[in-house]
Structure formats: structure tokens, C-alpha cells
Amino acid sequence: MEDLCNSSMRFFSDQHLCFADIIPPSEVRARIEVAVLNFLRILTSPAPAISDLPLINRKSSNRRVSQGLLTEVSWIFLSHSFCTRSLMRANAAKAFIRVWKVMEMCFQILVQEKRVTQRELFYKLLCDSPDYFTSQLQVNRTIQDVVALLRCSRFSLGIMASSRGLVAGRLLLQEPNEEVVDCSACGSSGHAISGDLNLLEKLILKTDARYIIVVEKHAIFQRLAEDRIFNQIPSILITAKGYPDIATRFLLHRLSRAFPDLPILALVDWNPAGLGILCTFKFGSIGMGLEAYRYACNVKWLGLRGDDLQLIPEQSMVPLKQRDLQIATSLMSSEILQENYRKELAVMVQLGQRVEIEALYFHGYSYLGKYIAKKIVQANYI
């Protein structure tokens, strides 16, 4: 225990560490205990004071981009800029107390060797501390505050990811001491991705696939799985049913590590949101705070793209909405967006149109597989 406290003391003195890592429960508990000891030490000193909580600044202005030198993977991370939660500022007092409340709850969870979802944590805090927690958003932001303070992942805090993701195709999964799951035999529903990151890390993975295809939309995933496209194109299909959750990103990253030679190709709508989803898989998300960088993968843009518009009847094009334009502006302001993506986005905005993958059904329900095969054969992805 003394060694853990000493390492945690060194941790809190290191102001250059600005990422969240996965650490064992004993180390997390030690960091929480050190935070409490530091608070009490200052409170009971000859010049007592209520110390502020130093957190890594999670604003977009603190975002930086790491360009891979030995790999093609780039990712978003947060630099060494700090902000504080203070009890002495009226507009920050409740946020200060929320951090301690969530740390207390996480400490109890770790002692009990339990895991909870963010939703479960919200209801527990709502019942225990209704004056401080009235919405899920408050809990989510406070969890990120605790991650920024302790610089450990949500998973290390005992908070489990809620997963929407599915996987299908030429992939065998096996949990330790469990039967093998053949993802090609799971039908159009696919195999549900667990929210337990520890379990995902321990999975035994086998494949004879040649590609990993990330599919934006659940309905398109179902169509491809039902058509068994993975028999025509040896592939693994994976979807998060929209913007990716942590568990789906974790599994994709795990697959990229297990099978580094497999290209990862994204099939998304031709609109700013589709590109935003691709970029989240590819670079990470600043909304993930200190965990933004962790699961970045070298994802290539298969489609839909501007050169596919010739395949789409004009009546299938839909005007961009205000939300689309807001996403486009945000993407354009990002220094990580590569030039060919930026050009595609500029064409979307210039035309004022968006196209969904389903527009390809104009050529028949079986055309989607042919479209993907043609793009792959031509290596037409960026």
C-alpha cells in the first residue's frame, strides 16, 4: 500500500502527464486517497485553505494533433493546459462538489469489485445527492472531470461502456474458457459487442478476412450481413449504429492490433455527419477528453464519396440541414482533417446536398455488395 501511495504522490507531482491510462483498481483507489490527503493537508495547514482541483483543460482550444511517424495513424490529444474546479467561485462550487461525490462513488464501486454504466451511476447519484445531480449530462461531465484529475480511464474507475455495436463476418471470437462464437453464423443481427473492455481485451481472435468494413448505419449493416457479403469479399463487418461508442472503437482498435495488415474501410453517408463518424473512428474525439487518443485507427474512406454521385438519381439527393452545416464548419476548423477530406466536405457544402447510402438501392437491393467490391478492386479509398 505504501508503494502505491508513493507512486501516486509522484503521479500528482507530474504536471506533464496529460492522458488517461488503464490502471488497476488498487492504483485508482490510491490516487483517490492521495487526492483526499492533499485536500486535508492544505485544509489543516497553518494557513488553511480549500484547495482547487487542477484538471486538464478539455476545451477544443487545448486540442492538439499527433501525426504518426512510424505509422499512418494520427490522433487527437490534449496538451498541458490546466483549468480548475473551485469551491470559492459561485459558478463552479457545485461542479467542485460533484467531483468529490463521483470520486467517492467510484471508490465504493472499486472496493466492492463492481462495474456500473454511466446511466446506473446517474440514478445512484440522483438518489444520494439530488441537490447536485439532476441530469445525465452533469454526471457524464463530472466523470470526465474525475478522469482529468486522476488521469485514468473511465474503465479504470469501474465505469463500464454501454455498447450499441455489432460485429459480423469472418471472425471467430472466444472468451477465456468459453465456446467459440462464429460471427459469420449470427445472421443479419450480428454479434453484440460487450461493453466490458476487460473482456474485449482478453478475447481470442481468429480471422481469414482480408478487409474490415466499418458501416455507419445499422440498416446497411443488416443488409450486408443478410447478403453475406463477407463470403464474396472476405471481410469483417462492424457497426456502432451511428457515432461510435467506446466499446465499438475499442474492439476495432483491438482488431487493428491483432490483424495489422487488414485495411479498415468505412462506408458512411455522403454528408458532414458521415464524415464526422469516420473521423471519430480515425482520429478520436475531443469529447472523450483524456481518452480521445486511445482508440484511433487508420480508417480509409471507402464511400459514399463525391465521385459516386454519378450513380445516384437526382431525386435521391436531400438538401443539407442547419445541423449538417454546423458539423461541416466544425470539421473545417479542425487541423487534423486531411486535404482530400476537406475537398469532399467543400463539395457537399457547395452543392448544399447530402446523399444516404440507401440511394444506391436505385440499382437494386443486391447492388450494394457490387459497389463495395468494385471500390475495393479499384483500391478506390482514401
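Named according to an unreviewed UniProt entry, the protein chain is Meiotic recombination protein SPO11-2 originating from Castanea mollissima. Per UniProt, the comment on the protein chain under Sequence similarities (unreviewed entry) is "Belongs to the TOP6A family." UniProt, in the comment section headed Subcellular location (unreviewed entry), describes the protein chain in these words: "Nucleus".

(A) Up close: the pairing of strand E13 (residues 235-239). The buried count for E13 comes to five of five residues, which makes it a mostly enclosed element. Both faces of E13 are covered, namely the face carrying Ser235, Leu237 and Thr239 and the face carrying Ile236 and Ile238. Two strands pair when backbone bridges link them, and strand E7 (residues 166-169) and E13 are joined in this way by four bridges, in the antiparallel orientation. Among the inter-strand pairings, Leu166 is bridged to a residue of E13, identified as Thr239.

(B) A look at a nonpolar patch on the surface. On the surface, Val36, Leu40 and Leu43 cluster together to form a nonpolar patch covering roughly 210 Å² of accessible area. Relative to the elements of secondary structure, Leu40 occurs in helix H2 (residues 25-43). Residue class for Leu40 comes out partly exposed when judged on its relative accessible area of 40%.

(C) Just the sheet that holds strand E9 (residues 180-182), in detail. With antiparallel pairing, the three strands of this open sheet are ordered in space as E9-E8-E11. Edge strands, defined here as strands with exactly one partner in the open sheet, are E9 and strand E11 (204-206). On average, each strand axis in the sheet is tilted by 20 degrees relative to the strand beside it, whichever way the strands run.

(D) Quick peek at the packing of aromatic side chains. Counted under the stated rule, the structure contains four aromatic pairs. On the numbers, 5.3 Å between centres and 90 degrees between planes, the contact of Trp301 with Tyr341 is edge-to-face. Here Trp301 is found in strand E15 (residues 299-303), whereas its partner Tyr341 is found in helix H12 (residues 339-351), with 40 residues between them in sequence. One exposure class covers both Trp301 and Tyr341, and it is buried. Geometry around Phe155 places Arg115 over its ring, the cationic atom sitting 3.8 Å from the centre.

(E) Fine view of the pattern of salt bridges. Evaluated as defined, the whole model comprises 15 salt bridges. For Glu356, the salt bridge goes to Lys217, with nearest N and O atoms at 3.1 Å. Taken together, the residues Glu356 in the loop between strand E17 (353-354) and helix H13 (367-377) and Lys217 in the loop between strand E12 (211-215) and helix H7 (218-226) connect sequence positions 139 residues apart. What makes Glu356 partly exposed here is its relative accessible area of 33%. It is possible to trace a salt-bridge network through shared partners that takes in Lys217, Asp269, Asp324, Arg354, Glu356 and Glu358.

(F) Structural context of the nonpolar core. Leu171, Leu197, Leu224, Leu237, Leu252, Leu368 and Ile372 are the most contacted members of the largest nonpolar core, which has 76 residues in total. With seven residues, the single largest contributor to this core is helix H10 (residues 272-283). Setting aside anything within four residues of it in sequence, one finds Leu224 in contact with Val215, Ile229, Leu237, Leu267, Leu368 and Ile372. Val28, Phe39, Leu125 and Leu149 belong to the second largest nonpolar core, which has 28 residues in total.

(G) Layout of the sheet that holds E15. Taken in spatial order, the six strands of this open sheet run E10-E7-E13-E12-E14-E15, and their pairing is mixed. Two strands bound the open sheet, and with one partner strand each, they are strand E10 (191-192) and E15. The strands touched by helix H9 (residues 246-258) are E7, E12, E13, strand E14 (264-267) and E15; relative to E13, the strand with the most contacts, the crossing angle is about 160 degrees. Sheet strands touched by H10: E12, E14 and E15. Its angle to E15, the strand with the most contacts, is close to 155 degrees.

(H) Fine view of the environment of Ile109. Inspection of the secondary structure puts Ile109 in helix H3 (residues 93-111). Ignoring any residue separated from it by four or fewer positions in sequence, one finds Ile109 in contact with Lys114, Arg115, Val116, Leu121 and Gly158.

(I) Molecular detail of empty space enclosed by the protein. Across all of its chains, the model carries one cavity of 30 Å³ or more by this definition. Here the largest cavity defines a volume of roughly 30 Å³. Lining the largest cavity we find Val214, Val215, Glu216, Ala266, Val268, Ile277, Leu278, Phe281 and Val299. It is H10 that contributes the most residues to the lining of the largest cavity, three residues altogether. Residue composition of the lining of the largest cavity, by class: eight nonpolar, no polar and one charged.

(J) Structural context of the environment of Pro244. Examined against the element boundaries, Pro244 turns out to sit in the loop between E13 and H9. The spatial distance from the C-alpha of Pro244 to the C-alpha of Ile277 is 7.0 Å, given a sequence separation of 33 residues. Excluding residues that lie within four positions of it along the chain, Pro244 makes contacts with Arg164, Arg249, Ile277, Thr280 and Phe281.

(K) Representation of H12. The end-to-end C-alpha separation of H12 is 18 Å, in line with the 18 Å expected for 13 residues at 1.5 Å each. All buried positions along H12 are accounted for by Tyr341, Glu344, Leu345 and Met348. What you see down the axis of H12 is that its buried residues fit within an arc of 95 degrees, all on one side. In H12, the exposed residues that point more than 90 degrees away from the buried face are Lys343 and Gln350. Tucked inside the fold, the buried residues of H12 contact H10, E15, helix H11 (322-332) and E17. Positive backbone phi, approximately 65 degrees, marks Gly352, located one or two places after H12.

Rules used throughout
Residues numbered from 1 in each chain as written. Predicted model: local features only at pLDDT ≥ 70, side-chain atom pairs only at ≥ 80, totals over all residues. Heavy atoms only, no water. UniProt positions renumbered as here; feature names shortened; annotations may be inferred. Buried < 20%, exposed > 50% of the residue type's maximum accessible area, 1.4 Å probe, protein only. Helix = DSSP H or I, 4+ residues; strand = E, 2+ residues; numbered from the N terminus. Pairing = 2+ DSSP bridges. Patch = residues over 30% accessible without salt bridge, like charges linked within 9 Å, V, L, I, M, F, W, Y side chains within 5 Å. Areas by Shrake-Rupley, 256 points an atom, 1.4 Å probe, with all protein chains shown as cover. Salt bridge = Lys/Arg side-chain N within 4 Å of Asp/Glu carboxyl O. Axes fitted to C-alpha atoms, helices over the stretch in contact; angles between N-to-C directions. Phe/Tyr/Trp six-rings, centres within 6.5 Å; stacked < 30°, edge-to-face > 60°. Lys NZ or Arg CZ within 6 Å of the ring centre and 35° of its normal. Core = buried A, V, L, I, M, F, W, Y, C linked by side-chain atoms within 4.5 Å. Contact = heavy atoms within 4.5 Å. 1 Å grid on protein atoms, 1.4 Å probe; cavity = no way out; pocket = protein on both sides within 12 Å on 5 of 7 lines; lining within 4 Å. Points joined across faces, edges and corners; volume = space filled by probe spheres on them. Nonpolar A, V, L, I, M, F, W, Y, C, P; charged D, E, K, R; others polar. Expected span 1.5 Å × (residues − 1). Arc of directions from axis to C-beta.

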